[in-house]
Structure formats: C-alpha cells, structure tokens
Amino acid sequence: MTLPLRLPRVRRGGEPRQKTYVFNWTGRIGLAIILFWCVVAIVGQWFTPYPVGKIVDWNYFGPVSSQFWMGTDYLGRDIFSRIMMGARYTVGISLAAVTLACAAGVILGMVAAVIGGWFDTLLSRLLDAFNGIPSLLFGLVVVAAVGSSIPILILTLAAIYMPGSYRFARALAVNINTMDFVTVARARGEATPYLILREIFPNIVGPVLADLGLRFVFIVLVLSGLSFLGLGVQPPNADWGALVRENIEGLSYGAPAVIFPSLAIASLTISVNMFIDNLPTKIRDRSE
C-alpha cells in the first residue's frame, strides 16, 4: 500500500507558499499583554472602582482584600484605581514620545542617506554629539530647568531617543540607496521625495517597527525613573513610576502598594520585548 504524495502548494512564480506572517505563542502572549494595557489606558478611567485621590481606607498600606484588589497606598487610597489611571500616563506619554522620536529620526535618516555630502556629515556629527549625553542625566537637567508638564516630558523623551533612531534608519537607508533599483529610479530623474517614499521607506519599514518597539521600552523605563525621582508626572496625577516612589516606604512591610506598580512596569516592558523578539521574519527582515 502506497501513501499519496502531498506536494506543497505553489504560487504563480513557482515558489512554495510560506506562512511568513505567523506569530508564535510567545509573540501572541506579548501582544495580548500590550493590547490589554492599551485598552486600560484608553477606557480605564471609566472603570475605576474608587476616585483616584479619595482616601477609602483608614489603614495605610492595606493588604489585598475583596474590597481593595491591590491594597491601599500610604494614604489609604485604592491602588487598583491608581494603577488603572496611571496607565494612561505611562503608556500615553511613552507612545507619544516614541512616535515623535522615530518619525523625526527616520525622516532625517532617509534624507541624509539620499542627499549625502555635507548635509549628511554635519547632521550625523551633530546628533552623535547629542547622543553622547547620558539619557537620564539629560532628562533630569531639562525637566528640572523647564518643568515637568506632560508636553515637556514628551518632547524631552523624544529628543533623547531621536539620535539613536536617526542612526538606525540612516544605516538601513544607506544600504538600500546603493541598490540597483534605486540607481535606476535616480537615472530616470526621480526626485528625492519619490526615492525616499517609494523606494527606500517600504524596504526599511519592518526593521524600523522593531526598533520602535525597543525604544518604547527604553522610554517607559526612563519615564519611570524620572517619576521615581520626583520629576515625572506630578501630583495629583501619577504614572506607575510615581506610584512606586510614593509607596517606597512600604517595601519593608511587603506592601502591595509598591509591588503592583512595579509589576505593571515589568509586565509592559517584558511583553514588548517578547513581541519584538518573536516578530515574523517577513516583518523583521523584508529581504528574506
């Protein structure tokens, strides 16, 4: 008895059909956690069981109970409500900053790679010098001097990570700029905007998205560090880093008020890393 031979399904070009956009389970778990925190950041303010600034328990650093799912803080406020409200600041500020940083860095990197010459040299050396400043130190100086409003935090975090995004995008664009199809387009007389938007950007968008996710993690950590030092989101509002700073005295008691905000930061950053590390090859590297 002979078994039937199963041939792979073939596309028109003769190449076997490959599932190159399939996520593995690790990537799916990471994506699910990311989407969960994004939903909490958007709609969490309408589902908090208590007002975030209201003292609801006379016992400070209260334990986890059926009434207070994550305990209470140093003033007797509900930590579960404060974490849900803090998600909009941690996720929102980080997402706005990384979008601004990567957009500016990628655009400048592609322009520098296509134009080249003195423009590329001058811009690269300027951003290299700026990139040499420690990120947390720069954030501390700017926020302490100007103030810690939300727009200032977004612009400061974007300025910190824009040079790195520029160097990454420029390195990718320089390689693409030397390929034959770009040379042919330039020989046809295509303008610089056409070369950037139609020839270079579609071929670097996958690695750029992966880099955006990693920079999002760095920005979350820097924002949490600034808030922990008292220079981030100011009271009565609070992001997760500020919640850790407020309740740090409860660490010796094992208070959930300092444990749960730390777990929220860890879950968001680790899930983004899980998602980025397990992106399909078709997204991470369009050349394969």
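Quick caveat, the model's predicted, so the values are computed rather than measured.

Draft legend 1. Just the packing of aromatic side chains, in detail. Here the structure, examined in full by the defined rule, presents nine aromatic pairs. When the ring of Y60 is compared with that of F61, the centres are 5.7 Å apart and the planes differ by 65 degrees; the resulting orientation is edge-to-face. Overall, the relative accessible area of 13% leaves F61 in the buried class. The interplanar angle of 85 degrees and the centroid separation of 6.2 Å between the aromatic rings of W118 and F119 together place this pair among those described as edge-to-face. Relative accessible area serves as the criterion here: at 26%, F119 is assigned to the partly exposed category. Put simply, the rings of F36, W37 and W240 pair up and form one aromatic cluster. Taking the ring centre of W25 as reference, the NZ or CZ of R28 above it sits at 4.8 Å. The ring of Y89 carries the charged tip of R88 above its face, separated from the ring centre by 5.8 Å.

Draft legend 2. Region of the structure containing helix α1 (residues 25-43). With 19 residues, α1 should cover 27 Å at 1.5 Å per step; its first-to-last C-alpha distance of 27 Å lies within 8% of that length. Among all positions of α1, only G27, G30, I34, W37, V40 and A41 are buried. One side of α1 holds all its buried residues, which, seen down the axis, span an arc of 155 degrees. Opposite the packed face of α1, turned more than 90 degrees from it, sit the exposed residues W25 and I42.

About the cut-offs
For every chain, the first residue of its written sequence is number 1, and the numbers climb from 1 along that sequence. It should be noted that, the model being predicted, local features are given only for residues of pLDDT at least 70 and side-chain atom pairs only at 80 or more, the latter also being counted only at that level, while totals for whole chains, interfaces and linings use all residues. Hydrogens and waters are ignored; side-chain quantities use all the structure's heavy atoms. Note on aromatic pairs: the rings of Phe, Tyr and Trp (six-membered ring only in Trp) are paired at centre separations within 6.5 Å, and the planes decide the class, stacked below 30 degrees, edge-to-face beyond 60, tilted for the rest. Exposure categories follow from relative accessible area, calculated using a 1.4 Å probe and restricted to protein chains: below 20% of the type maximum is buried, above 50% is exposed, and the middle band is partly exposed. In this scheme, Lys NZ or Arg CZ marks a charge over a ring once it lies within 6 Å of the ring centre and within 35 degrees of the ring normal. Starting at the N terminus, helices and strands are each numbered in turn, a helix being any DSSP run of H or I of at least four residues and a strand any DSSP run of E of at least two. Take the residue count of a helix, subtract one, and multiply by 1.5 Å to get its expected span. The arc under discussion is defined with respect to the helix axis, by the directions toward the C-beta atoms.

Treat this as a map of the structure, not an account of what it does.
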